[in-house]
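Analysis of the macromolecular model
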Amino acid sequence: MELIPLFVESNFQMNGSNIRLEQLVKKAVSERYGSLALTDSRLHGALRFYRLCQKAGIKPILGLQLKIESLVEDTVGKIIAYAKNNEGYLNLLKLASISSYGNVPFEKLCSLQSELIIVILTDQSKLPAITNQKNMDQLILFKSLMNESFNNWYVSLSMDDAINTQIYNTLPTVPIHVVRYLQKEDFEVHKVLKAIFNQPDTSLLNEEQEAYFPTKKELQEIYSLFPQAIKNASDLVDQINLQIEMTPASLPKYPVKQGVTSKDYLRALTIKGLEKRLLKTRKINQKTKYESRLMYELKVINSMGYNDYFLIVWDFVRYAKQQGFLVGPGRGSAAASLVSYCLGITNVDPIEFDLVFERFLNPERVSMPDIDMDFMQARRGEIIDYVVEKYGRNQVAQIITFGKLQAKGVIRDVARVLDMPYSQADAMAKLIPDELGINLKDSYEKEPKIKELCDMDPKAARVWEYSLALEGLNRNAGTHAAGVVISNEPLWKKTPLFKSTGLENALATQYSGKYVEDVDLIKFDFFFQKQTYGSFISRVHNSR
C-alpha cells in the first residue's frame, strides 16, 4: 500500500515552486516511488510530466487545482480533480479551460465529474468553520450533499489536528502532503522565488517549512495516526490508469462548396493562378514545363493529405491582400513550391531560380509543410480575427510561450528581493557577457570580475547562489509571436485553453508549441513585422 504526495506544484505554477519536472521525476525514482502526482492550477506541464513518467516507468497521477463557487455553503473553496483515465483527462482539459476565466461554478464541476476523483482541500474551504461550530449535524449534512453531488470524492486532512479529529471518522479523508520544492535545503530558494512572484510570505507556516518532497518513510510517519486516510489515498492512486492518447497531427478542413473536394478546388485555383503568373511574367511559351511541375507538386500534396493546408494558408493570405495589408513574399523552403507561387502565397518563381520542391515537401520524409508568412504588426488583430471568424472562436488559438528567469534578469530579480541597492544590482548584472543564450555558469568562467565580487561581498555571493538555483525557471506566460493553431473541432478536446491577454477574441493553448502536434493540432505561422520592416514588404506588395 503506497502513500504518495498528492499535492505537488511545479514551476509551471509560477507562484514560488522551484520544481523542474525532470528533477521531480528523477527524485521520485531515487526515492523508489511507483506513482507520482502533479497538481498545478494549469495544465502547462501535463504532457511533459506524462512523458517523463512513462520514460521513467512511473505511474503518472495528473490532478488540477480548481477554485469552486459555492463548494461549502456560499463560499469559494478549493479542490484537486484527478483524472482516472482518458475520459477524465478530457474533462480536466475543459475544466482547466473554464477556470482560466475565473472560479468554476459548482454545477459545472458536477456536470464534468465523470472519471474524475474530487479531493476537497479542507484548509482552503469553509470546512474548518463547520467543524469549529462543533456541530456534527453540519458535517453529516455536508457529507450527504457531497454524496449526492459527486461519484468519487474525499476531503484532505487538515494542518490542524483539532479539525482532523472531527472529520477523520465522519468524512472520507486522504493525506495530500503539499510539495513545492524538492530538498529541505531548498526552502530559502523557495522563499526568494515566492518574493520574485510577489507572493505573500508564509514562511512561518508549518506547511511551507515542510513542503519538500519526502521519502516514503517520512510520509508514512507523518500520517501514521490516520491509517484509514492512508488506505484511502492508496485506493485513490490504484483507481488511476491514465493513458493520454498522442495522435499524429491532422489538418482542419477548409470549407469548400458541397460536391467539391479540397483536391479539386486546390487544382482549379493553382491552374488559374499559373495562367495569371505566366501572362504577367511573359512566360506563356513555357506553359508546358510549368504545368508539368505543377501537376507533380499537386500529386505529392494530395498523396500526403495536405490539400487543406495550402487552401487555409491561401485563404488568409488572400484576405490580407484584399484588405490592403502589407504581406511579405513568403520565406524559407516554401519558396521552392510552384503551388505556393501560383496561389500567391509566395512571390518567387521556383522554376526560374531552380528551387527544388523536395526541399519543401518530400514524400519519402513525411513532415508537415511549414509556410512562414509576414504581415504588418499594425493589422495583427484583424488577421487573427478573420481566422477566428472563419473557423470558430473555440477552434482557433494562439500558442503559449514561457518567459524565463535568464542570466541578467534573474540577478536583478534576486537582488531586489535581497534588498541589494539598484546600482549594485545593475553593475552585477552588467558583468554578464553580452552573448546570446549565455548562462550564469559560463559567465562565471568567462568573467573573472564575478568571482572577485562574490569573494569580496557576502550579499553578492548570496545573490549569485540563489540566481544559479533559479536560472531557467519560468517567469511568466505569454503568446508565441507567430504560432496559431486551427482545429476541426473545439480545441478543449485536444488542449486546455486560457484567455489570452494580448487579443480580445483569441484564446491561447496551455500546451506549448513543442506539444501541440502531439495532441492532433497543426501550427500555422503568422509573423507580424513592425512598420520598420514595412517599406521592404511594401515594395514587394506593390511589385505584384
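Residues numbered from 1 in each chain as written. Predicted model: local features only at pLDDT ≥ 70, side-chain atom pairs only at ≥ 80, totals over all residues. Heavy atoms only, no water.

**Digging into the overall build of the protein**
- Within the protein, the secondary structure is distributed over 23 helices and 15 strands.
- When its C-alpha atoms are laid out on the principal axes, the protein stretches across 90 × 65 × 40 Å.
- Accessible surface, the protein: about 24900 Å² in total, of which carbon and sulfur atoms supply 49%.
- Measuring between centres, the 67 positive side-chain charges of the protein sit 7 Å from its 64 negative side-chain charges. (Helix = DSSP H or I, 4+ residues; strand = E, 2+ residues; numbered from the N terminus. Areas by Shrake-Rupley, 256 points an atom, 1.4 Å probe, with all protein chains shown as cover. Lys, Arg positive; Asp, Glu negative; His and termini not counted. Charge placed at Lys NZ, Arg CZ, Asp CG, Glu CD.)

**Comments concerning helix 18 (residues 422-429)**
- Inspection of helix 18 places A425, D426, M428 and A429 among the buried residues, and these make up the whole buried set. Seen along its axis, helix 18 keeps its buried residues to an arc of 160°; they face one direction.
- Buried residues belonging to helix 18 abut helix 17 (407-417), helix 20 (448-456) and helix 21 (458-470). (Buried < 20%, exposed > 50% of the residue type's maximum accessible area, 1.4 Å probe, protein only. Arc of directions from axis to C-beta. Contact = heavy atoms within 4.5 Å.)

**Things to note about the side chain of K494**
- Checked against the element boundaries, K494 lands in the loop between strand 12 (474-486) and strand 13 (497-499).
- Discounting chain neighbours no more than four positions away, the residues touching K494 are Y89, L93, S487, N488, E489, Y511, V519, D520 and L521.

**A word on the packing of aromatic side chains**
- In total, this model carries 18 aromatic pairs according to the counting rule given.
- Look at F12 and F402: their rings are 5.2 Å apart centre to centre, the planes differ by 75°, and that puts the pair in the edge-to-face class. Residue F12 is found in the loop between strand 1 (7-8) and helix 1 (21-30), and its partner F402 is found in strand 11 (residues 396-404); the two are separated by 390 residues along the sequence.
- Measuring from centroid to centroid gives 3.9 Å for Y319 and Y386, while their planes differ by 5°, and the two rings are stacked. Highlighted residues: Y319 in helix 14 (residues 307-322) and Y386 in helix 16 (residues 380-391), separated in sequence by 67 residues. (Phe/Tyr/Trp six-rings, centres within 6.5 Å; stacked < 30°, edge-to-face > 60°.)

**Here's the deal with the pattern of salt bridges**
- Under the counting rule described, the total for this entry stands at 26 salt bridges.
- Between K231 and D235 there is a salt bridge, and its shortest N-O distance comes to 3.0 Å. Within this pair, K231 and its partner D235 are both found in helix 11 (residues 227-239), separated by four residues, close to a single helical turn.
- Look at K231 and you get partly exposed, because its relative accessible area is 37%.
- Between D426 and R412 there is a salt bridge, with its nearest N and O atoms 2.7 Å apart. Separated by 14 residues along the polypeptide, D426 in helix 18 and R412 in helix 17 bring together distant segments of the chain.
- A single salt-bridge network, built from bridges that share partners, covers E275, K287 and E291. (Salt bridge = Lys/Arg side-chain N within 4 Å of Asp/Glu carboxyl O.)

**A look at the packing of helix 8 (residues 187-196) against helix 21**
- At a minimum axis distance of 10 Å, the contact between helix 8 and helix 21 shows a crossing angle of 80°. Considering their axes alone, helix 8 and helix 21 lie roughly perpendicular with respect to each other. The residues of helix 21 that touch helix 8, namely those facing E188, V189, V192, L193 and I196, are Y466, A469 and L470.
- Of the residues contributing to the contact of helix 8 with helix 21, the split by class is seven nonpolar, no polar and one charged. (Axes fitted to C-alpha atoms, helices over the stretch in contact; angles between N-to-C directions. Parallel < 35°, antiparallel > 145°, perpendicular 65-115°, else oblique. Nonpolar A, V, L, I, M, F, W, Y, C, P; charged D, E, K, R; others polar.)

**Digging into the nonpolar core**
- By size, the foremost hydrophobic cluster in this structure holds 129 residues, and its most contacted members are I120, L470 and Y511.
- Beyond its immediate stretch of four places on either side in the chain, L470 contacts N18, R20, V189, V192, L193, I196, L405, V410 and V414.
- In terms of nonpolar packing, the next biggest core, distinct from the first, is built from 54 residues, L298, V300, I384 and V396 among them. (Core = buried A, V, L, I, M, F, W, Y, C linked by side-chain atoms within 4.5 Å.)

**Remarks on the side chain of K78**
- Relative to the helices and strands, K78 is located in strand 4 (residues 75-83).
- The side chain of K78 is buried and forms no salt bridge, while E9, the nearest opposite charge, is found at 5.3 Å.
- Beyond its immediate chain neighbours, meaning those up to four positions away, K78 contacts Q65, L66, L71, V119, I120, L121 and Q124.

**Structural notes on unusual backbone geometry**
- Phi at D354 is positive, roughly 55°, even though this residue is not glycine.
- The backbone phi angle of D419 is positive, close to 60°, even though this residue is not glycine.
- For D419, a relative accessible area of 62% translates into the label exposed.

**Let's talk about the packing of helix 17 against helix 18**
- In the contact formed by helix 17 and helix 18, the axes pass within 9 Å of each other and the chain directions differ by 160°. Classified by the angle between their axes, helix 17 and helix 18 sit roughly antiparallel to one another. Here helix 17 and helix 18 pass one another in a crossing that is right-handed. The segment helix 17 lies against helix 18, with K408, I411, R412 and A415 engaging A425, D426, M428 and A429. (Left-handed = near helix turned anticlockwise from the far one by under 90°.)

**What to know about helix 8**
- Taking burial as the measure, the 10 residues of helix 8 include seven buried ones, the bulk of the element.
- Among all positions of helix 8, only F187, V189, H190, V192, L193, K194 and I196 are buried.

**Let's talk about the pairing of strand 14 (residues 507-512)**
- A large share of strand 14 lies buried, amounting to six of its six residues.
- Two strands pair when backbone bridges link them, and strand 13 and strand 14 are joined in this way by three bridges, in the antiparallel orientation. Counterpart to L497 in the pairing with strand 14 is T509. (Pairing = 2+ DSSP bridges.)

**Thoughts on the environment of S99**
- Mapped onto the elements of the fold, S99 is located in helix 3 (residues 86-99).
- S99 sits 58 residues away from S41 along the chain, and the two C-alpha atoms are 8.6 Å apart.
- When residues no more than four places from it in sequence are discounted, the contact partners of S99 are S41, L66 and V104.

**Observations regarding the environment of A28**
- Looking at where A28 falls in the secondary structure, it is placed in helix 1.
- The spatial distance from the C-alpha of A28 to the C-alpha of K216 is 9.7 Å, given a sequence separation of 188 residues.
- Ignoring any residue separated from it by four or fewer positions in sequence, one finds A28 in contact with Y33, L36, I58 and F213.

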